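So you can see what is in the structure, the chains are spelled out below.
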Amino acid sequence: MQKIKSLMARQGLKSPQESMADLSPVENLRIPSKEELRELREQPIDPQAEQEIIDSIEEVYFSNDSFDMVQHELEKLPPELNLQELEEYRDKLKRQQSAVSKKVADLILEKQPAYVKELERVTALQTNLQLAAVICTNARRQLSVAKEGFTEASLGLLANQRRRQLLTGLLKSLRTIKTLQRTDVRLSEMLEEEDYPGAIQLCLECQKAASTFKHYSCISELNSKLQDTLEQIEEQLDVALSKTCKHFDVLHYTKVQLAYKLLGKTQTAMDQLHMHFTQAIHNTVFQVVLGYVELCAGNADTKFQKMQYKDLCTHITLDSYIPCLTDLCKALWEVMLSYHCTMQWHEEHDKQENTPTPDDAAAAAESDELVVDRSYVKKKLEHGLTRIWQDVQLKVKAYILGTDMSNFKYDDFIVVLDVISRLMQVGEEFCGSKSEVLQESIKRQSINYFKNYHRARLEELRMFLENETWELCPVKSNFNIAQLHEFKFMGQCRSPSVSPSRQAVTSSTLAQEELSLFQQYLQEGNPFEMHIEHKEEETEDVLASNGYESDELEKSVYQDYDSDSDVPEELKQDYVDEQTGDAPLKSVSRETIRSKKKSDYNLNKTNAPILTNTTLNVIRLVGKYMQMMNILKPIAFDVIHCVSQLFDYYLYAVYTFFGRNDMYESSGLGLISSRLRTTLNRIQESLIDMEAVGENAGVHGPGEDRKEKVPSPHLSQLVVLTNSASLYGLAQRVVATESLVFLAEQFESLQSHLDTMMPAAKKPFLQQFYSQTVSTASELRKPIYWIVAAKAIDYEQMLLLMAGVKWDIREIMSQHNVYVDVLLKEFEQFNKRLGDVSRHVRIPLPVSNVLWEHCIRLANRTLVEGYANVKKCSNEGRALMQLDFQQFLMKLEKLTDLRPIPDKEFVETYIKAYYLTENDMEQFIKNHREYSMKQLANLVNVCLGSHINKKARQKLLAAIDDIDRPKR
């Protein structure tokens with residue numbers, strides 16, 4: 001509305017009629033009357049159309065009051081004027097003005113009732129003001145009359161009476177002031193005695209009394225002095241409160257709390273207490289770390305005192321890291337114990353104060369105030385638990401991450417993990433926290449440390465393997481991995497090396513651990529102090545017996561068991577392989593067994609597991625890795641993955657050293673199963689750095705990927721695998737292979753323990769590792785011992801001897817051929833060498849069986865190959881073949897107890913196939929794919945003329961060719 005008025009003023013128009021007179025002499029616009037406004041409102045105009053007209057008005061008309069619309073419209077006129085266009089534009093402006101007038105009229109009518117009502121209120125207000133003026137005039141007139149009605153004498157009497165009363169009160173006041181002056185001395189005495197509640201009680205009473213006489217100058221000074229004394233008491237109270245943060249004393253804390261209660265500042269005291277705990281944590285850790293940093297720096301440089309705590313932590317040396325961490329945790333334990341005791345005090349205090357509600361209203365109000373205070377204190381203390389623990393975590397986190405632990409010794413790092421683990425246990429008991437901050441920081445350090453540690457251990461394992469001569473490591477006959485120091489954490493009570501006294505201590509310790517740490521160490525002691533002492537004691541016990549046979553024990557074996565009569569009967573009779581539980585090794589001659597009975601050192605070796613120094617080193621590493629998993633569960637998967645790599649690398653090394661041979665595939669014996677081949681390929685791809693041995697090492701592949709891999713190991717030059725007298729290094733092969741089998745058995749025994757540590761989502765990896773890798777260890781026996789079997793017997797010589805035999809004889813022979821005796825002699829020589837090797841290294845029954853099986857299979861296949869080389873053969877010749885083979889079997893069964901003889905049917909079936917008819921021969925060819933094409937073709941060719949004609953021969957050869965075609 002104001003804008004419309006200003007618009008009219010700027011145009012110099014006093015009325016709408018005048019403004020419209022310029023537009024047309026005929027169409028004059030005037031201010032409409034109420035009736036006309038009502039008529040305008042009642043005109044049937046579409047509101048939407050009206051609003052569209054108003055919206056079409058240019059925004060500049062609504063911009064500001066100084067807008068000159070006439071000037072604006074004139075400036076918009078084109079250079080050449082067109083009457084029709086001007087009239088159209090004028091009509092448009094009229095429509096817009098009409099719409100605006102209509103809108104204004106609507107608004108005026110709409111506000112009319114409110115205007116009338118407001119006018120009535122103004123009139124009523126004017127009437128009230130007039131009435132008030134009349135009342136004021138009357139009051140002034142009556143006051144004047146009252147003033148004239150009193151005399152000065154009446155007022156004088158009243159003044160004297162009042163003065164008398166004042167003097168009486170003054171006398172009482174002076175006596176009270178005299179008493180107040182004497183309380184100042186008593187207050188000072190009470191402060192010196194640290195009787196804060198008494199001092200505050202007295203001071204408050206004095207202040208209450210002094211407030212009555214504060215208009216006296218002497219009291220004013222006394223009051224200010226009392227106020228200063230009260231402030232001094234509060235300051236001393238604050239100091240006394242801060243002392244409870246490190247060493248909680250029940251009597252001291254009770255006095256302090258009572259004093260704050262008298263002051264009415266129970267809630268303030270709790271706020272101050274939490275601030276002091278926070279400050280105590282900061283000051284404590286800073287002083288502990290600063291002390292070690294200055295001690296290691298060796299000078300009194302003050303620059304360390306000005307450092308931030310986080311920066312100070314980076315100056316801790318490796319030697320002082322663990323002692324400083326221990327002292328840090330001890331100091332923080334004292335602070336948390338004080339907080340725990342504070343909470344206990346308030347809980348007990350609240351129980352004592354839970355009395356029935358009194359009837360007195362004032363007492364009830366006071367009780368309500370106490371309830372509020374208690375509720376505040378309880379919530380504050382409960383909230384403070386998490387806050388205090390968070391501060392502790394952040395301080396310890398800064399300390400943990402302030403030093404690079406990747407170069408720590410393993411035992412030192414385990415101690416760090418132990419201390420942090422104990423601290424996290426404290427945190428869980430303190431406030432139920434899972435210590436995510438500590439877990440994350442120690443996880444970061446652990447992954448960093450473990451990555452470097454594992455890389456170094458793999459390189460160390462490679463060095464061990466490359467320098468390993470594969471000699472027996474003399475361990476106790478009852479050797480068990482639980483005896484090793486690295487596996488003590490799995491339960492010392494099961495270890496034979498733990499003395500009864502130690503077991504008693506362990507059981508009492510377990511009984512104590514049923515109590516919480518705060519209950520155990522409430523009166524004295526420190527959980528971190530006890531923990532370190534326990535570790536040291538355990539280390540000394542492990543060093544006394546670490547699983548090895550010492551030189552002294554080895555000497556005592558010779559001295560104590562010098563005669564055969566001292567050996568128990570069971571040991572004389574039973575030579576059962578402890579690893580497999582098999583029967584006595586019968587392939588070894590009785591003389592060998594007797595010699596073992598005479599030598600107790602050999603007897604010890606017979607009962608002891610077969611392993612090498614490297615095997616023992618791997619087992620120890622596994623124990624160390626499991627220790628780390630046990631303490632730090634978040635990195636369990638990373639550690640188990642590395643444990644699997646240790647086994648993978650050991651298996652791959654044994655295979656590379658003793659089992660790799662290009663003749664496997666051509667042998668047709670299926671020496672390497674598909675599962676074993678898959679495992680070996682996986683290890684080679686994921687773990688072995690094949691480029692390290694190539695000429696272009698370092699050119700191919702990304703460096704990061706190669707960091708995770710290890711070069712393939714090389715067999716030590718001290719290990720000779722080409723000497724026929726030693727059966728081509730059979731002793732070393734047995735030690736290597738059986739140590740791998742032993743290692744696999746130890747892994748099997750640890751599977752359940754590893755499974756409990758493994759995260760649920762990663763358990764399939766562990767199951768796959770056991771099913772596809774650990775279980776394949778015994779499968780390496782076949783390829784490794786096959787190399788010995790292939791070289792131990794001269795099969796080529798046998799083929800040459802068989803080639804010189806005439807098989808087309810016409811009479812049945814009763815004497816077998818010479819090549820059989822030569823072959824049997826080779827087997828006897830093999831048996832003798834096997835016995836010689838068994839004097840140095842125990843050959844378990846499965847190994848013996850595999851060796852004999854390989855040798856016999858190769859011999860039988862050589863026999864078939866020899867028979868397949870025959871050009872001409874008669875029925876009598878086939879009978880001679882059967883005679884030779886039966887003679888071979890008869891003599892062979894005396895050399896070995898292996899039953900049944902491997903591939904016996906392979907030879908017999910081939911010899912008997914000579915007698916088959918044409919149809920049976922065709923069926924034989926289709927069913928017996930184990931024979932080579934050459935062997936089958938020779939069978940057909942040799943039978944030609946006897947009972948197979950040329951046409952049948954062509955048919956049979958075609959059938960053989962059909963079988964061979966898919967292979968090509």
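Residues numbered from 1 in each chain as written. Predicted model: local features only at pLDDT ≥ 70, side-chain atom pairs only at ≥ 80, totals over all residues. Heavy atoms only, no water.

## Focus on the overall build of the protein
On a plain count of helices and strands, the protein comes out with 39 helices and 2 strands. For the protein, the residues scored as buried account for 41% of the 968 residues in total. A separation of at least 24 residues holds for 79% of the contacts in the protein among residues at least 6 apart in sequence. Summed over all atoms, the accessible surface of the protein reaches about 53,700 Å², with 52% contributed by carbon and sulfur. (Helix = DSSP H or I, 4+ residues; strand = E, 2+ residues; numbered from the N terminus. Buried < 20%, exposed > 50% of the residue type's maximum accessible area, 1.4 Å probe, protein only. Contact = heavy atoms within 4.5 Å. Areas by Shrake-Rupley, 256 points an atom, 1.4 Å probe, with all protein chains shown as cover.)

## Section: the packing of aromatic side chains
When we look at a pair of aromatic rings, we describe it by the centre distance and by the angle of the planes. Throughout the structure, instances matching the rule amount to 31 aromatic pairs. Ring plane angle 75° and centroid distance 5.4 Å describe the contact between F637 and F765, whose orientation is recorded as edge-to-face. Taken together, the residues F637 in helix α25 (residues 636-659) and F765 in helix α30 (residues 763-772) connect sequence positions 128 residues apart. Residue classification places F637 among the partly exposed positions, given a relative accessible area of 23%. For F765, a relative accessible area of 24% puts it in the partly exposed group. Ring geometry for F906 versus Y931: centroids 4.7 Å apart, planes at 25°, classification stacked. Of this pair, F906 sits in helix α36 (residues 904-912) while Y931 sits in the loop between α37 (918-927) and α38 (933-943), and the two are 25 residues apart along the sequence. Both residues of the pair, F906 and Y931, belong to the buried class. An aromatic cluster is defined as three or more aromatic residues linked by ring pairs; in this entry it consists of Y410, F413, Y449, F450, Y453 and Y625. Between the NZ or CZ atom of R457 and the centre of the ring of Y453, over which it lies, the distance is 4.5 Å. (Phe/Tyr/Trp six-rings, centres within 6.5 Å; stacked < 30°, edge-to-face > 60°. Lys NZ or Arg CZ within 6 Å of the ring centre and 35° of its normal.)

## A look at the confidence of the model for the protein
For the protein, per-residue confidence averages 77 on the pLDDT scale, and residues scoring 70 or more make up 77% of the total. Note that pLDDT drops below 50 for residues 492-511; the model gives that stretch 16 contacts with residues more than four away or on any other chain. (pLDDT = per-residue confidence, 0-100.)

## Description of the nonpolar core
Residues Y321, Y399, F647, L730, F827, Y867 and F888 are the most contacted members of the largest nonpolar core, which totals 230 residues. Among all residues touching F647, those that are not within four sequence positions of it are L740, L743, A744, F747, F769, T773, V774 and A777. (Core = buried A, V, L, I, M, F, W, Y, C linked by side-chain atoms within 4.5 Å.)

## Focus on the pattern of salt bridges
Enumeration according to the criterion identifies 25 salt bridges in this entry. Across the pair E58 and K76 runs a salt bridge whose closest N-O atoms are separated by 2.3 Å. Note that E58 is positioned in the loop between α4 (47-56) and α5 (69-76) and K76 in helix α5, a separation of 18 residues in sequence. Relative accessible area serves as the criterion here: at 38%, K76 is assigned to the partly exposed category. Across the salt bridge formed by K102 and D106, the nearest N and O atoms sit 3.3 Å from each other. Remark: D106 and K102 occur in helix α6 (residues 83-149); sequence separation between them is 4 residues, near one turn of the helix. Judged by its relative accessible area of 16%, D106 is buried. Shared partners join several salt bridges into a network, and the residues in it are R455, E459, R462 and E466. (Salt bridge = Lys/Arg side-chain N within 4 Å of Asp/Glu carboxyl O.)

## Quick look at the side chain of N938
In this fold, N938 is placed in helix α38. Residue N938 is classed as buried on the basis of its relative accessible area, which comes to 11%.

## Quick word on a nonpolar patch on the surface
Where nonpolar side chains cluster on the molecular surface, the patch consists of V70, L74, L77, L81 and L86 and spans about 420 Å² of accessible area. Mapped onto the secondary structure, V70 falls in helix α5. When its relative accessible area of 43% is taken as the criterion, V70 is described as partly exposed. (Patch = residues over 30% accessible without salt bridge, like charges linked within 9 Å, V, L, I, M, F, W, Y side chains within 5 Å.)

## Quick notes on the environment of W807
For W807, the position within the fold is in the loop between α32 (795-803) and α33 (818-840). Sequence separation of W807 and M881 is 74 residues, and the distance between their C-alpha atoms is 8.3 Å. If sequence neighbours within four positions are ignored, W807 has contacts with M802, N817, Y819, Y867, V870, K872, C873, S874, G877, L880, M881 and D884. Here the side chain of W807 touches V805 through a polar contact of 3.4 Å, landing on its backbone oxygen. (Polar contact = N/O pair within 3.5 Å; in protein donor to acceptor, adjacent residues only side chain to side chain.)

## A few points about the packing of helix α24 (residues 613-631) against α25
Here α24 crosses α25 at 175°, and the two axes come no closer than 9 Å. When the axes of α24 and α25 are compared, the pair comes out roughly antiparallel. Packed against α24, whose contacting residues are T614, T615, V618, L621, V622, Y625 and M629, the element α25 presents A636, V639, I640, C642, V643, L646 and Y650 at the interface. (Axes fitted to C-alpha atoms, helices over the stretch in contact; angles between N-to-C directions. Parallel < 35°, antiparallel > 145°, perpendicular 65-115°, else oblique.)

## A look at the environment of S874
You can see S874 is positioned in the loop between α34 (845-868) and α35 (875-895). Relative accessible area serves as the criterion here: at 4%, S874 is assigned to the buried category. Considering only alpha carbons, one finds S874 and K806, 68 residues apart in sequence, at a separation of 9.8 Å. Once you skip the residues sitting within four places of it in the chain, S874 turns out to touch W807, D808, I809, R810 and Y914.

## Here's the deal with helix α31 (residues 781-792)
If you check α31, its first and last C-alpha atoms are 16 Å apart, about what 12 residues at 1.5 Å a residue would give, namely 16 Å. Counted residue by residue, α31 has 9 buried out of 12 residues, so it is predominantly covered. Restricting attention to buried positions, one finds in α31 the residues R781, P783, I784, Y785, W786, I787, V788, A789 and A792. (Expected span 1.5 Å × (residues − 1).)

## Some points on unusual backbone geometry
Across the junction of R899 and P900, the peptide omega takes the value -5°, indicating a cis bond. Positive phi values are uncommon outside glycine, yet L727 reaches one of about 55°. Checked against the element boundaries, L727 lands in the loop between β2 (710-711) and α29 (730-757). With a relative accessible area of 0%, L727 lands in the buried category.

## As for the packing of α34 against α35
Where α34 meets α35, the axes come as close as 12 Å, and the angle between the chain directions of the two elements is 170°. Our classification of the angle between α34 and α35 gives roughly antiparallel. From α34, W852, I856, A859, N860, L863 and Y867 reach across to α35, where they touch M881, D884, F885, F888, L892 and L895.

## A closer look at the state of the cysteines
If you walk through the whole model with that rule in mind, you get 0 disulfides. The cysteine C943 is free of any disulfide, with C873 supplying the nearest cysteine sulfur at 8.4 Å. (Disulfide = S-S within 2.5 Å.)

## What to know about the side chain of S712
Mapped onto the fold, S712 is located in the loop between β2 and α29. Accessibility expressed as a relative area gives 10% for S712, which makes it buried. Once residues lying within four places of it in the same chain are set aside, the contact partners of S712 are E466, Y649, Y652, T656, I688 and D689.

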